[in-house]
Amino acid sequence: MHGLIDSHCHLDDAAYDDDRDAVLRRAETAGVCKIIVPASTPKYWGRLKEGCRRHPGLYPAYGVHPLYLDDRDDQWEATLATLLTQAVALGEIGLDAGDGAPDIARQRDGFATQLAMAQQLGLPVILHARRSLEEVILTLRRFSGLRGVLHSFSGSLVQAQRLIDMGFLLGLGGALTHPRAQRLRATAAMLPAESLLVETDAPWQTPHAHPGTRNEPAYLSEIIASLAQLRHTPAQEIAQVTAQNALTLFHIQDAP
């Protein structure tokens with residue numbers, strides 16, 4: 001398949017520096033022509049900006065991930081607002097109730113601040129909701145008209161429908177290919193195609209479906225194939241629909 005769009009892949013992590021170009025070459029060979037790249041901490045904002053300048057198929061999203069709130073300085077809002085003039089989204093932002101996460105009250109404040117920025121600028125948001133999906137959904141109700149995607153969706157069908165009703169898309173990644181992810185796979189099979197995006201998330205992580213390898217854009221077609229099998233739909237059709245969903249949400253051109 002060609003013309004694929006990876007709707008969420010972190011290329012800004014330090015562990016990825018040595019082989020970023022090689023991973024991008026493999027992605028191109030696999031038919032991935034565009035990649036949405038979130039820089040989720042101020043430490044990497046400048047690096048991502050330069051990377052997107054060098055690689056026209058990369059599209060930046062800037063934000064502060066809940067785990068990296070301590071990386072903010074006094075000028076973070078002004079710097080972020082400047083970067084967002086060249087971004088396709090604000091993200092990855094949200095709430096994280098995982099072990100070692102910052103105080104949830106501080107997370108709520110940072111999350112709401114960034115949602116307000118996105119609403120003011122008319123940008124979509126890329127959301128993170130590890131173990132906190134219900135609170136993320138409740139917070140979104142305060143920002144009418146805001147659109148975006150919840151990446152790595154793993155919630156219930158009811159939660160999926162609530163997000164869809166608010167105009168949000170659902171990101172599905174490598175976990176979908178794991179045979180033990182039965183609830184996620186069942187949910188993905190029932191969701192409307194116009195609500196879905198495919199993604200590989202973080203290339204430096206070892207995914208369930210590909211032990212010992214990187215979860216990188218070159219594997220995007222495998223995620224699409226798994227989704228197509230679940231939905232009894234041709235893989236090319238899934239690829240076309242999710243690509244169009246990404247093009248529309250992020251307002252990116254039809255050619256890199």
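It should be noted that the structure appears before, not after, this text.
Going along each chain's sequence as written, the residues are numbered from 1 onward. With the structure being a predicted model, the display of local features is reserved for residues of pLDDT at least 70 and the display and counting of side-chain atom pairs for 80 or more, all residues being used for whole-chain, interface and lining totals. By convention in this description, side-chain values take in all heavy atoms of the structure and omit both hydrogens and water.

(A) Looking closely at the sheet that holds strand β1 (residues 4-6). The 8 strands are arranged β1-β2-β3-β4-β5-β6-β7-β8 in an open sheet whose pairing can be described as parallel. Two strands close off the open sheet at either side, each with one partner strand: β1 and β8 (196-198). Looking at each pair of strands side by side, their axes are set apart by 25 degrees on average, direction ignored. When strand β6 (residues 148-150) meets strand β7 (residues 168-172), the two strands line up parallel, connected through 3 bridges. Pairs of strands are assigned from DSSP output, requiring at least two bridges between the strands. Only runs of H or I of at least four residues qualify as helices and only runs of E of at least two qualify as strands under DSSP, and these elements are numbered from the N terminus. Angular values range over 0 to 180 degrees, each being the angle between N-to-C directions of two axes fitted as lines to C-alpha atoms, with helices fitted over their stretch in contact.

(B) Examining the packing of helix α7 (residues 182-190) against helix α8 (residues 220-231) more closely. The contact between α7 and α8 brings their axes to 8 Å, and the two run at 70 degrees. By the criterion of interaxial angle, the relationship of α7 to α8 is roughly perpendicular. Mapping the contact onto sequence places R185, A188, A189 and M190 in α7 and S226, L227, L230 and R231 in α8. Angles are sorted into four bins: roughly parallel if under 35 degrees, roughly antiparallel if over 145, roughly perpendicular if 65 to 115, and oblique for all others. Contacts are assigned to residue pairs with any non-hydrogen atoms lying within 4.5 Å of each other.

(C) Region of the structure containing the pattern of salt bridges. Here, a salt bridge means any Lys or Arg side-chain nitrogen found within 4 Å of an Asp or Glu carboxyl oxygen. Throughout the structure, instances matching the rule amount to 6 salt bridges. A salt bridge links D21 to R54, with the shortest nitrogen-to-oxygen separation between them at 3.6 Å. Here D21 is found in helix α1 (residues 20-29), whereas its partner R54 is found in helix α2 (residues 42-54), with 33 residues between them in sequence. For R54, a relative accessible area of 44% corresponds to the partly exposed category. Residue R108 is joined to E135 by a salt bridge in which the shortest nitrogen-to-oxygen separation is 2.3 Å. Here R108, found in helix α4 (residues 104-121), pairs with E135, found in helix α5 (residues 133-140); they are 27 residues apart in sequence, far enough to count as distant. Throughout this description, buried means an accessible area under 20% of the type-specific maximum (1.4 Å probe, protein chains only), exposed means over 50%, and partly exposed covers the range between.

(D) Focus on the nonpolar core. Ranked by internal contacts, the top residues of the largest apolar core, which has 63 residues, are Y62, L115, V125, L127 and L163. Examining the composition of this core, we find that 6 residues originate from one element, α8, more than from any other. If sequence neighbours within four positions are ignored, L163 has contacts with L133, I137, L140, L150, F153, F168 and L170. Counting residues in hydrophobic clusters, the runner-up holds 16 residues, among them Y59, A89, A243 and F250. Put simply, buried Ala, Val, Leu, Ile, Met, Phe, Trp, Tyr and Cys residues joined by side-chain atoms within 4.5 Å make one nonpolar core.

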